[in-house]
Amino acid sequence: MTTAGQIALEVNDISKSFHAGARQVRALQQVSFRVRHGLVTGLVGPDAAGKTTLMRLAAGLMLPDAGSISVLGLDAATQSLQVQGAIGYMPQRFGLYEDLSVQENLDLYADLQGVPAAERTARYAELMRMAGLEPFTRRLAGRLSGGMKQKLGLACALVRQPALLLLDEPTVGVDPLSRRELWDIVYRLVREHGTSVLLSTSYLDEAERCDEVVLLHEGRLLAQGTPGELRDTMRGRTYEVDTANTDKRMLLARLAQAPGVLDSLIQGDHIRVVMADVAPSGSDRLLPEAGGIVLNPIAPRFEDSFISLLKANTGGSSIVLPALIEPPASRFATAVPGQPVIEVSQLQRRFGNFYAVNNLEFSVARGEVFGLLGANGAGKSTTFRMLCGLLPPSGGTLRVAGADLRHAAAAARARIGYMSQKFSLYGNLSVAENLRFFGSIYGLSGKKGKQRIDWALQEFELAAVAEFSSGDLSLGYKQRLALACALMHEPDILFLDEPTSGVDPLARREFWSRINVLAGQGVTVMVTTHFMEEAEYCDRLAIMASGEILTLGTPASIKNQARSVQLPEPTMEDAFVALIRAHEQREVAA
């Protein structure tokens, strides 16, 4: 039995509602759980599950409608100042001052947290060593990479050593190497200082690293336990299907509709299948009309149990989507299957004396899903902006949809769709107004414009929120709207710049189901992502660092580069981290 002295945070029947216009939104409904001392507890749930609201309540930044939260023995509602003086809190948008240096940010937060001057030098040295920022103390925070900013934000939250650390999605938009470094910092705090940590995340592989997890959905508690306990509930229900001799996207669509399939997703040359119940020994019941389909049992993951719980709670099933685009026969008249529709040769982009992109070479065929991966600051977004005609190159050639972007950018832009990292929506416009605006940019008006708006509202299930301001939408709905806007003019080529950053697993699956439909219809897709599971959906990948391509190939061939005796079955993240670290070692040696 757990005693009170072992509890760092106790949530008792917490409820919290907000008003959004005439609507009442129930963010939390009678939630109860405990966070034990000296452990990392993960707060996991889909978008709008209530994770951030709970974090703010625990930090004493807002009051509950009902219930109570005890933080280190203090009441978060009535003793909020004492709570804030005892904990560390890093919200999603941590308030770094980008026009101040790393050192000046540390000094500012030390002043705010009342850290005595005599203690600062040793504390700063420990934090900078832990975060790997020792060489950068004089650099402006605004000039740090995304991963370095997150590590500085964490260091600022730790200027005074807290007994409890609250981290609200600290790794959103951060590359895999920086994510690993952040986790190293977190576990060092636990190991060396006994710090208790409550960490919210939308990355389920991160949830699996936690000692315990708390699962939320629509403001309600779904489950609490260790990742292993939840993972074990899925034994006998997880399988792998080889796609070597068939179209993996077509097979995925068929498996998603097969009886008894709870979840299915592409993993390189295989499809991972999760059954609603313990599956039969053969595959006859799964796809009786298909020959040669073999179900190979594999170990379950925490993500499998999470998806199972969500779908059981919502009554949902695998996502099945209608055809999103029905292109006329003439649409790809100039594109020959197998021939490139994107060609890049010796591509460069300089900013002063700095080469953000240097001598890139690659091509992408019609209907191919091509991934561009790299650490923060590798040059991915700069490359995308050049390919979309939004940024002129400094050197080299690039052809998109048959047009030379250095001389005919407007002709190419008419045939491409672009979904940016921040979705580029106008928050003060409604959903319908955003669709109308983006349609007008592409020359859609009158009857045709109305048809496309109606199509978007129906296909992306946006009709119910058509009059809502896009700024008030959940992240999942913003993502749907952004993709709908990018597809209004039925483009031949779709550019996706980190389109699922911070989005929950169900929304990611829905998104990639749509992308698979588009690719199957001949739309060429280029995508950047920090989520390595998504890289498995790509036909080919290029991994960048310092503006250059380190390697290019299929997901299987790239993972094979990291294979070793110590790592016989490397993940895509393992391969990515190994390539980036090897590149960094070469740069140091040079």
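Residues numbered from 1 in each chain as written. Predicted model: local features only at pLDDT ≥ 70, side-chain atom pairs only at ≥ 80, totals over all residues. Heavy atoms only, no water.

Points about the confidence of the model for the protein chain
Turning to step 1, where the next piece is worked out: Looking at the protein chain, the pLDDT average stands at 86 and 91% of residues meet or exceed 70.
Turning to step 2, where the next piece is worked out: Mean pLDDT across the elements of the protein chain ranges from a minimum in helix α12 (residues 409-413), with 75, to a maximum in strand β4 (residues 66-71), with 97. (pLDDT = per-residue confidence, 0-100. Helix = DSSP H or I, 4+ residues; strand = E, 2+ residues; numbered from the N terminus.)

Here we look at helix α11 (residues 380-387)
Turning to step 1, where the next piece is worked out: Where burial is concerned, most of α11 is hidden: six out of the eight residues are buried.
Turning to step 2, where the next piece is worked out: Within the sequence span of α11, burial applies to Lys-380, Thr-382, Thr-383, Phe-384, Met-386 and Leu-387. (Buried < 20%, exposed > 50% of the residue type's maximum accessible area, 1.4 Å probe, protein only.)

Concerning the side chain of Thr-528
Turning to step 1, where the next piece is worked out: Secondary-structure assignment places Thr-528 in strand β22 (residues 524-528).
Turning to step 2, where the next piece is worked out: On the basis of relative accessible area, Thr-528 is assigned to the buried category, the value being 0%.
Turning to step 3, where the next piece is worked out: Only 2.9 Å separates the side chain of Thr-528 from the backbone nitrogen of Glu-498, close enough to count as a polar contact. (Polar contact = N/O pair within 3.5 Å; in protein donor to acceptor, adjacent residues only side chain to side chain.)

Description of the nonpolar core
Turning to step 1, where the next piece is worked out: Leu-435, Leu-483, Leu-494, Leu-496 and Ile-515 are the most contacted members of the largest nonpolar core, which has 65 residues in total.
Turning to step 2, where the next piece is worked out: In this view, Leu-435 contacts Ile-453, Ala-456, Leu-457, Leu-481, Ala-484, Cys-485 and Met-488; residues no more than four positions away in its chain are not counted. (Core = buried A, V, L, I, M, F, W, Y, C linked by side-chain atoms within 4.5 Å. Contact = heavy atoms within 4.5 Å.)

Details of the environment of Val-102
Turning to step 1, where the next piece is worked out: Along the polypeptide, Val-102 turns up in helix α3 (residues 102-112).
Turning to step 2, where the next piece is worked out: Exposure remark for Val-102: the relative accessible area of 0% places this residue in the buried category.
Turning to step 3, where the next piece is worked out: Residues Val-102 and Thr-382 lie 280 residues apart in sequence; the distance between their C-alpha atoms is 25 Å.
Turning to step 4, where the next piece is worked out: Residues contacting Val-102, with those up to four places away along its chain left out, are Met-128, Phe-136, Thr-137, Arg-139, Leu-144 and Leu-152.

Quick look at the layout of surface pockets
Turning to step 1, where the next piece is worked out: For the second largest pocket, the calculated volume is near 920 Å³.
Turning to step 2, where the next piece is worked out: Lining the second largest pocket are 30 residues, with Gln-267, Arg-301, Glu-533, Glu-536 and Thr-571 positioned closest to its centre.
Turning to step 3, where the next piece is worked out: Mapped onto the lining of the second largest pocket, the elements with two or more residues apiece are α6 (176-193), α7 (204-207), β13 (270-275), α17 (532-535), α18 (555-561) and α19 (572-589).
Turning to step 4, where the next piece is worked out: Among the elements that take part in the lining of the second largest pocket, α19 stands out by supplying three residues, more than any other.
Turning to step 5, where the next piece is worked out: Residue composition of the lining of the second largest pocket, by class: nine nonpolar, four polar and 17 charged. (1 Å grid on protein atoms, 1.4 Å probe; cavity = no way out; pocket = protein on both sides within 12 Å on 5 of 7 lines; lining within 4 Å. Points joined across faces, edges and corners; volume = space filled by probe spheres on them. Nonpolar A, V, L, I, M, F, W, Y, C, P; charged D, E, K, R; others polar.)

Topic: the packing of aromatic side chains
Turning to step 1, where the next piece is worked out: In the structure shown here, the tally under the stated rule is 11 aromatic pairs.
Turning to step 2, where the next piece is worked out: Pairing Tyr-203 with Phe-531 gives two aromatic rings, centres 5.5 Å apart and planes at 25 degrees, and the pair type is stacked. Pair noted here: Tyr-203 is in the loop between β8 (196-201) and α7 and Phe-531 is in the loop between β22 and α17, with a separation of 328 residues, a long-range link.
Turning to step 3, where the next piece is worked out: A relative accessible area of 4% means that Tyr-203 is categorised as buried.
Turning to step 4, where the next piece is worked out: A centroid spacing of 4.9 Å and a plane angle of 15 degrees characterise the contact between Trp-512 and Tyr-537, whose relative ring orientation is stacked. (Phe/Tyr/Trp six-rings, centres within 6.5 Å; stacked < 30°, edge-to-face > 60°.)

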